[in-house]
Amino acid sequence: MALMAGMRVQARALLRAWLPGAALGRTESAVSGGVGVRRFGSQRVLVEPDPAAGIAVMKFKNPPVNSLSLEFLTEFVISLEKLENDKTFRGVILTSDRPGVFSAGLDLREMCGRNPAHCAEYWKAVQELWLRLYLSNLVVIAAVNGSSPAGGCLIALTCDYRVLADNPKYLMGLNETLLGIVAPFWFKDTLVNTIGHRAAERALQLGLLFPPAEALQVGMVDKVVPEDQVQSTALSVMAQWLAIPDHARQLTKNMMRKATVDRLVKERDSDIKNFVSFISRDSIQKYLQMYLEKLKQKKG
Amino acid sequence: MALMAGMRVQARALLRAWLPGAALGRTESAVSGGVGVRRFGSQRVLVEPDPAAGIAVMKFKNPPVNSLSLEFLTEFVISLEKLENDKTFRGVILTSDRPGVFSAGLDLREMCGRNPAHCAEYWKAVQELWLRLYLSNLVVIAAVNGSSPAGGCLIALTCDYRVLADNPKYLMGLNETLLGIVAPFWFKDTLVNTIGHRAAERALQLGLLFPPAEALQVGMVDKVVPEDQVQSTALSVMAQWLAIPDHARQLTKNMMRKATVDRLVKERDSDIKNFVSFISRDSIQKYLQMYLEKLKQKKG
Amino acid sequence: MALMAGMRVQARALLRAWLPGAALGRTESAVSGGVGVRRFGSQRVLVEPDPAAGIAVMKFKNPPVNSLSLEFLTEFVISLEKLENDKTFRGVILTSDRPGVFSAGLDLREMCGRNPAHCAEYWKAVQELWLRLYLSNLVVIAAVNGSSPAGGCLIALTCDYRVLADNPKYLMGLNETLLGIVAPFWFKDTLVNTIGHRAAERALQLGLLFPPAEALQVGMVDKVVPEDQVQSTALSVMAQWLAIPDHARQLTKNMMRKATVDRLVKERDSDIKNFVSFISRDSIQKYLQMYLEKLKQKKG
């Protein structure tokens, strides 16, 4: 159940990062990347394969803040599926193509002024990404090279290991309450599995966004390294995980996470229904419109 | 199930604090409190409202050790209900009117020489307080300015945040086993939710009472501050919690705690039955009488 | 479900300790032990009773690496049962008769070239030990004076308290994935109860074997002391636990652990069936034969 609530919105500065198209005001420029690397994937999710190593790097490239639009989610899942179905690949590293924002989370534009069918389709795509990532047979490592609020944090939390760049501006957390929203129960379950019940209770209620040192201390990430070592650290961590026989590791991962995934699988339809019913309320729609409008003005 | 057991009673010094009317031997003197503060509430639970701030301070005043007598519990729940039903109030701080003892926990006199109906009524009142506090819509912060063994600790654990005075005499913990008693399962669940399974397993079996530094380390409290800063710290923590939209925070709290509450709701009658059946045993009644007698002599 | 998987076997050095008859190449020499101590127990599990103190020390003596053979398991359970049924004893300390290896875990020879009935009997015995130890009415303390991989770690995890010798060679952990095996769900549950979900997820997938400092930090043991103080520390910890009335402590232990035990009790037959079906596969049998052969050659 994602429920929007009181209109007292706090910490506006932080919220800007949450809303796509608002935070950085960048427009897409050139595609970054090394020379001679075969690439595949879509426009929004760059996949840089390293077949010899059995891994690939997936770079989020949905400017300006890698918001989880329906198109992004769809391309993400397709790219992930391709890697999973290709025996060449045993692991994937998730990172942002543009350091500064790992992902700003859900895309409010997919919920504002859209019909119920679209909202349902959107929410199903959000669920789908989580379901696939959380139980992926691949070793999935997050190389978090930017802020990761809300849905961006969720993506990092689904990974097997999280490396975060030591930049105090890179905040991480499920900050839904700051916007008057409640994180869905499976966001909550994922957080509890990662940092425990008490820390999750406090972090979720206060919508805490943790800077790197605190994220490490609370257990939200596994390692904090200088910004220019995020990628290399992710690679060496990957090597450690790939040293384990795949089948045993996959079954163990499944044993640890299946019960959590099953809860959403069982409640999937009612979770969609709840989301659509909530988001369709007049008060919520007005709020979203007002909010998006305000951000456009700020940009302009 | 609260079950009393072997009669080998340990750590008598600690137990004294557990039994109301024994520990401090103080008699009630004057009502403390600031000048010009409108107060309401009952005789045993002073409520100091600050309508402008949207909060109230509830001060336990059930001398000598704030034991949870039936009257105290009843007044506590009524005061809490009043605050919850008054839109003016969004948060409440729980503290002791007399520093030294936050609350010594359950009142043995409610169980000794009483008929089953009274014991059942008493236990229902203990359940009621926990049920209401643990899911209260208010932000509930514990300003723990004294020892909080057993039921006193439980009250602190139900809060959203715990500030403890840095006084090595202020011990905190579910020390039931020291008296040959077993904490009810919902005491246990509350502790596990706070400090995790392993720490709870050890603390509960050994009946550990933690001094402030250890309480902080194990996660039983969130902050330890000098004794004269407990109140001010509680207030500034409250401000942080009130910065969050109420509705989102309340729904999030509910999402985190409802499953735990539902377990007692489902087992409430059998939990009462177990308690009454246990407490009515001849051996237990003799033990309680002997114990209360011994404490009276010490006082005399 | 214990499932063997990919044949890519890692970290051979560590594996040697896992397989009985391989690691140390020692042959049994003399029975260690103090003078004048009445002993009972079996050939493989020495029981040194101290009736005055109400405790006994159980020393694993199944050379060379205290592997959990069917005979060892049977003798272990019988010795434990004897102590539990003798009101003289309130606590037991588990340790190795030969420092260096606490226990190397399951005995592969009980699974290799054996008929299904034998494998079923063996697995039932492994379950039985865990079921009895994890809910034992005795205070059970592990004095871990050697390495404890896989099943050896499990035994330590079932105890009420773990003291580990501060020797960097004494590694501890559920390293099943290193061999392409998956720890059964009840091994997993025991670990999660001890170190929490996230740490267990990482430790189990990577098959981590922790040296003492890390074992302490992650919460896998409660205390690390110099090697010559393991026994004395275990004794003083025991005194602390025995200060608690037995009945209250036992009921509390039961309350903390019963749900975990019930899961296996409910799934016991299917867990055996899964194990036998897995272990009977041709590919697994070939792998075990090859593995045992290789180790014999190394010894020769």
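Residues numbered from 1 in each chain as written. Chains lettered and ligands numbered in written order. Predicted model: local features only at pLDDT ≥ 70, side-chain atom pairs only at ≥ 80, totals over all residues. Heavy atoms only, no water.

**Student:** I'd like a description of the overall build of chain A, backed by residues and values.
**Tutor:** The helix and strand tally for chain A stands at 10 helices and 12 strands. Residues counted as buried form 60% of the 300 residues belonging to chain A. At a minimum sequence separation of 6, the contacts of chain A that also span at least 24 residues come to 76%. Approximately 11300 Å² of chain A is accessible, and the part contributed by carbon and sulfur atoms is 53%. (Helix = DSSP H or I, 4+ residues; strand = E, 2+ residues; numbered from the N terminus. Buried < 20%, exposed > 50% of the residue type's maximum accessible area, 1.4 Å probe, protein only. Contact = heavy atoms within 4.5 Å. Areas by Shrake-Rupley, 256 points an atom, 1.4 Å probe, with all protein chains shown as cover.)

**Student:** Talk me through the interface of chain A and chain B; I want residue IDs and the actual numbers.
**Tutor:** Facing the 25 residues of chain A at the interface are 23 residues of chain B. Carbon and sulfur atoms supply 63% of the area buried between chain A and chain B, which totals about 2100 Å² over both sides. A per-residue breakdown of the area chain A buries against chain B is headed by R198, Q205 and L206 of chain A, which together make up 33% of the total. Inspection of the chain A/chain B interface yields 2 salt bridges. Measuring nitrogen to oxygen at the nearest pair gives 3.0 Å for the salt bridge that ties R198 of chain A to D222 of chain B. Every element with two or more residues in the side of chain A that touches chain B is listed here: α5 (185-195) and α6 (197-206) of chain A. Counting residues per element, the side of chain A that touches chain B draws most heavily on α6 of chain A, which supplies 8 residues. When the residues that make up the side of chain A that touches chain B are grouped by side-chain class, the tally is 14 nonpolar, 6 polar and 5 charged. (Buried area = accessible area lost by both parts, 1.4 Å probe. Salt bridge = Lys/Arg side-chain N within 4 Å of Asp/Glu carboxyl O. Nonpolar A, V, L, I, M, F, W, Y, C, P; charged D, E, K, R; others polar.)

**Student:** Tell me about the sheet that holds strand β11 (residues 172-173) of chain A, and please be specific about residues and values.
**Tutor:** Residue and element names in this part refer to chain A. The strand order β6-β9-β11 describes an open sheet built from 3 strands, whose pairing is parallel. Because the sheet does not close on itself, it has two edges, and the strands there are β6 (100-101) and β11. In terms of strand pairing, strand β9 (residues 146-149) meets β11 through 2 bridges, oriented parallel. Paired with P149 across the strands is G173, a residue of β11. (Pairing = 2+ DSSP bridges.)

**Student:** Account for the relation of the copies chain A and chain B, with residues named and values stated.
**Tutor:** Of the transformation placing chain A onto chain B, the axial shift is 0.0 Å and the rotation is 120°, giving an RMSD of 0.0 Å. Put plainly, the chains are arranged around a three-fold axis. Minimal C-alpha separation from the rotation axis in chain A is found for G196 of chain A, amounting to 4.3 Å. (Least-squares fit on C-alpha atoms with pLDDT ≥ 70 in both.)

**Student:** Can you tell me about the interface of chain C and chain B, naming the residues and giving the values?
**Tutor:** The partner chain B presents 25 residues to the 23 residues of chain C that form the contact. Contact between chain C and chain B buries roughly 2100 Å² in total, counting both sides, with carbon and sulfur atoms accounting for 63%. The largest per-residue losses of area from chain C upon contact with chain B belong to P245, M255 and M256 of chain C, which jointly make up 30% of the total buried on that side. Across the contact surface, chain C and chain B share 2 salt bridges. Across the pair E201 of chain B and R257 of chain C runs a salt bridge whose closest N-O atoms are separated by 2.8 Å. At the junction of chain C and chain B, the tally comes to 6 residue pairs in polar contact (both at pLDDT 80 or more). Every element with two or more residues in the side of chain C that touches chain B is listed here: β10 (161-165), α5 (185-195), α8 (230-242) and α9 (246-279) of chain C. For the side of chain C that touches chain B, the leading source of residues is α9 of chain C, giving 10 residues. (Polar contact = N/O pair within 3.5 Å; in protein donor to acceptor, adjacent residues only side chain to side chain.)

**Student:** Account for the sheet that holds strand β6 (residues 100-101) of chain B, with residues named and values stated.
**Tutor:** All names here are of chain B. Strand order in this open sheet of 3 strands is β6-β9-β11, and the pairing throughout is parallel. Sheet topology places β6 and β11 (172-173) at the edges, where each strand pairs with a single neighbour. As paired elements, β6 and strand β9 (residues 146-149) share 2 bridges and run parallel to each other. For G100, the partnering residue across the bridge sits in β9 and is G146. Against the sheet, helix α4 (residues 150-158) touches β9 and β11, its axis set at about 100° to β9. (Axes fitted to C-alpha atoms, helices over the stretch in contact; angles between N-to-C directions.)

**Student:** Got a sec to walk through the pattern of salt bridges? Specific residues and values, please.
**Tutor:** Enumeration according to the criterion identifies 57 salt bridges over all chains in this entry. A salt bridge links E201 of chain A to R198 of chain A; its shortest N-O distance comes to 2.8 Å. Residue E201 of chain A and its partner R198 of chain A are located together in helix α6, separated by 3 residues, close to a single helical turn. As far as the burial class goes, E201 of chain A and R198 of chain A line up, both buried. Here R109 of chain B ties to D107 of chain B by a salt bridge, and the two come within 3.1 Å at their closest N and O atoms. Residues joined in a network through salt bridges with shared partners are E81, E84, E128, R132 and R268 of chain A.

**Student:** Explain the packing of aromatic side chains to me, using residue names and the numbers behind them.
**Tutor:** If you walk through the whole model with that rule in mind, you get 30 aromatic pairs over all chains. Plain terms: the ring middles of W130 of chain A and W186 of chain A are 5.4 Å apart, the flat faces sit at 50° to each other, and that makes the pair tilted. Placement of W130 of chain A in helix α3 (residues 116-134) and of W186 of chain A in helix α5 is noted, with a sequence separation of 56 residues between them. Each member of the pair, W130 of chain A as well as W186 of chain A, carries the same accessibility label: buried. Centre to centre, the rings of F72 of chain C and F76 of chain C are 5.8 Å apart; their planes meet at 80°, and the pair counts as edge-to-face. With a gap of 4 residues between them, F72 of chain C and F76 of chain C both fall in helix α2 (residues 70-85), about one helical turn apart. F76 of chain C carries the same exposure label as F72 of chain C, and that label is buried. Through successive ring pairs, a cluster of aromatic residues spans W123, W130, Y134, W186, F187 and F275 of chain A. (Phe/Tyr/Trp six-rings, centres within 6.5 Å; stacked < 30°, edge-to-face > 60°.)

**Student:** Mind laying out helix α6 (residues 197-206) of chain C, listing which residues take part and the relevant values?
**Tutor:** For α6 of chain C, the buried fraction is high: 8 of the 10 residues fall into the buried class. Those residues of α6 of chain C lying buried are H197, R198, A200, E201, A203, L204, Q205 and L206 of chain C. Looking at the buried positions of α6 of chain C, the neighbouring elements they touch are α3, β10 (161-165), α5, α8 (230-242) and α9 (246-279) of chain A together with α5 of chain C. Just past α6 of chain C, the residue G207 of chain C takes up positive phi, approximately 60°.

**Student:** Got a sec to walk through the packing of helix α2 (residues 70-85) of chain B against helix α3 (residues 116-134) of chain B? Specific residues and values, please.
**Tutor:** Residues and elements named next belong to chain B. At a minimum axis distance of 10 Å, the contact between α2 and α3 shows a crossing angle of 30°. Classed by the angle they form, the pair α2 and α3 counts as roughly parallel. Here α2 and α3 pass one another in a crossing that is left-handed. Contacts between α2 and α3 involve L70, L73, F76, V77, L80, E81 and E84 from the former and H118, E121, Y122, A125, V126, E128, L129, R132 and L133 from the latter. Of the residues belonging to the contact of α2 with α3, the class tally is 10 nonpolar, 1 polar and 5 charged. (Parallel < 35°, antiparallel > 145°, perpendicular 65-115°, else oblique. Left-handed = near helix turned anticlockwise from the far one by under 90°.)

**Student:** Residue-level account of the state of the cysteines, with values.
**Tutor:** Residue and element names in this part refer to chain A. Considering all chains together, one arrives at 0 disulfides over all chains under this definition. With no disulfide partner, C119 has as its closest neighbouring cysteine sulfur the one in C112, 9.2 Å distant. C119 gets classed as buried once you look at its relative accessible area, which sits at 1%. Cysteine C159 is unpaired, with the sulfur of C153 as its nearest cysteine sulfur at 11 Å. (Disulfide = S-S within 2.5 Å.)

**Student:** Can you explain unusual backbone geometry? Please cite residues and give values.
**Tutor:** Note that the residue after P63 of chain B, namely P64 of chain B, is joined by a cis bond; omega there is 0°. Summarising the element assignment, P64 of chain B is placed in the loop between β3 (55-60) and β4 (67-68). In this structure, N66 of chain A takes a positive phi of about 50° despite not being glycine. Residue placement: N66 of chain A occurs in the loop between β3 (55-60) and β4 (67-68). Backbone geometry at A150 of chain B places phi at a positive 45°, although glycine is not the residue there. Examined against the element boundaries, A150 of chain B turns out to sit in helix α4.

**Student:** I'd love a proper account of the environment of A53 of chain C, names of residues and values included.
**Tutor:** Residue and element names in this part refer to chain C. Structurally, the position occupied by A53 is in the loop between β2 (45-50) and β3 (55-60). The class of A53 is partly exposed, set by a relative accessible area of 38%. Considering only alpha carbons, one finds A53 and V126, 73 residues apart in sequence, at a separation of 30 Å.

Keep in mind that these numbers describe shape and distance, not what the molecule does.
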